Amino acid sequence: MQEELLQQLCILVSDIELFYTNGESQTAHKFLGRKSTTKQGEFSFVIPVETLPKNGNVCFSATATYNGQTGALTDLFCCDSCLCPTDTTFASDTLIAGEPFIDGVVYTVGRHDSIFETITLPNGCDSVVMHSLIVKPDPTKLNYYVKTERWGAGDGSSWEDAMDSIDFATYLPLAPDGATFYVAEGVYKPVYDAGLYIPENSSSKCYTINSSVTIRGGYPADATGTDVPSEPKKYQTIFDGDASNELFFAKNNAKNLVFSGVQIINCRGTGILRIVNNADSLVVMNSVFSNCEEFALRDLYNSKSLYVRNTMFLNNNNSIHIPSVISTKIEKCSFIENSGYLILNESLESESNLLIDSVSFIDNEGSLIVRGSVSTDIVNSIFNRSSGHYFNSSSLIS
């Protein structure tokens, strides 16, 4: 690495000898080289930086020889930080809203990128740190109220101060365990990808869940006060996957999930609700899953319990995929005009069990398939114009 020093002199000289110095007048610590000036008294010099001390603040002195006379140039050339390397590091930080950060306090929940901090190092050089910051909401706040548009303070603390659909998409992946989102009627679509970035491709948009949360819909758009009942048949809370591959994407830390009183529709890829791994329980009640090109519920790997009650699966290409769930109960549900797999249970766990109780299968072109080691009981259920089902030897139909 080299640094070019250009010094224009207002005197006529012929030879310049350049020295490294500590900045004191009439000092010379290291001879750097000799250059001749132009007729205009100018010279340029390439300084081998690797031969100089490893700090950022350096000075240079010079002697001028003209007509056989040598003398020190009166002015030192000092360069603050000119020999510092370009030094930018990247850091990822997570904090709670209201905690101090750098020279201030961050209150806005969400992702904050390209926050720059300058740190002066012991050698005098400046180091630039570019922070990518995730700000989580107050972990003691567990109830959030959501409407399609912001009301009042918009902090989600009440129906009167409901957060809007964008803040819901921001808060959901950052919410603490035990949080409940009460979501009023209306249509909601994902905004971010799994990393809380706004993707160029709409298929990457999803609602990411990283904790144990409850999402309850079925509330009026103008809800106020407390103790507002959920009435999903009257007030439709619709989560629309639009062109998303996955509408809801629950990761490993989402151990206990509850969906109640919601309609989850229109997914074009791998599933409307995808549970990655190791969930303790997933509860779906009083809801509707429709128009999914793949499984509405999928990838329930190594999960302990799935309970689906009073829920309709309508016009999905596939409905429920259970690769590995210990206990599954589907009760008072209906499967109407679906194709592909209605319920595909392939669990190999010896203690796995599947109870289908009071479920209607009507006008489906798909199949209910039970494989593996699942102990299956089907009771009080109706199969009307639905065929092609397969059950293992451990299945009991009554």
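Residues numbered from 1 in each chain as written. Predicted model: local features only at pLDDT ≥ 70, side-chain atom pairs only at ≥ 80, totals over all residues. Heavy atoms only, no water.

Helix and strand content of the protein chain: one helix and 37 strands. When burial is assessed residue by residue, the protein chain has 46% of its 398 residues classed as buried. Within the protein chain, contacts between residues separated by at least 24 positions form 56% of all contacts whose residues are at least 6 apart in sequence. Approximately 19000 Å² of the protein chain is accessible, and the part contributed by carbon and sulfur atoms is 47%. (Helix = DSSP H or I, 4+ residues; strand = E, 2+ residues; numbered from the N terminus. Buried < 20%, exposed > 50% of the residue type's maximum accessible area, 1.4 Å probe, protein only. Contact = heavy atoms within 4.5 Å. Areas by Shrake-Rupley, 256 points an atom, 1.4 Å probe, with all protein chains shown as cover.)

Now for the environment of Leu 355. Secondary-structure assignment places Leu 355 in strand 32 (residues 353–357). Judged by its relative accessible area of 25%, Leu 355 falls in the partly exposed class. Aside from chain neighbours lying at most four places away, what touches Leu 355 is Thr 328, Lys 329, Ile 330, Asp 377 and Val 379.

Moving on: the pattern of salt bridges. Under the criterion given, the structure shown has four salt bridges. Residues Lys 304 and Asp 280 are paired through a salt bridge, measuring 3.6 Å at the closest nitrogen-oxygen approach. Of this pair, Lys 304 sits in strand 26 (residues 303–309) while Asp 280 sits in the loop between strand 22 (271–275) and strand 23 (281–285), and the two are 24 residues apart along the sequence. One salt bridge in this structure joins Arg 309 and Glu 331, with 3.5 Å as the shortest N-O distance. With a gap of 22 residues between them, Arg 309 in strand 26 and Glu 331 in strand 29 (residues 325–331) connect regions that are remote in the sequence. Residue class for Glu 331 comes out buried when judged on its relative accessible area of 12%. The network of salt bridges with common partners includes Arg 309, Lys 329 and Glu 331. (Salt bridge = Lys/Arg side-chain N within 4 Å of Asp/Glu carboxyl O.)

Turning our attention to the packing of aromatic side chains. This structure, assessed with the given rule, holds 19 aromatic pairs. For the pair Phe 313 and Phe 335, a centre-to-centre distance of 4.8 Å together with 10° between the ring planes defines the contact as stacked. Here Phe 313 is found in strand 27 (residues 312–314), whereas its partner Phe 335 is found in strand 30 (residues 334–336), with 22 residues between them in sequence. Between Phe 361 and Phe 383 the ring centres are 4.7 Å apart and the planes differ by 10°, which places this aromatic pair in the stacked class. Linking Phe 361 in strand 33 (residues 360–362) with Phe 383 in strand 36 (residues 382–384), this pair joins segments that are 22 residues apart in sequence. Classification of Phe 383 by relative accessible area gives partly exposed; the value is 31%. Feature note: the residues Tyr 144, Phe 168, Tyr 171, Phe 181, Tyr 188, Tyr 207, Phe 239, Phe 248 and Phe 259 constitute an aromatic cluster, connected by ring pairs. (Phe/Tyr/Trp six-rings, centres within 6.5 Å; stacked < 30°, edge-to-face > 60°.)

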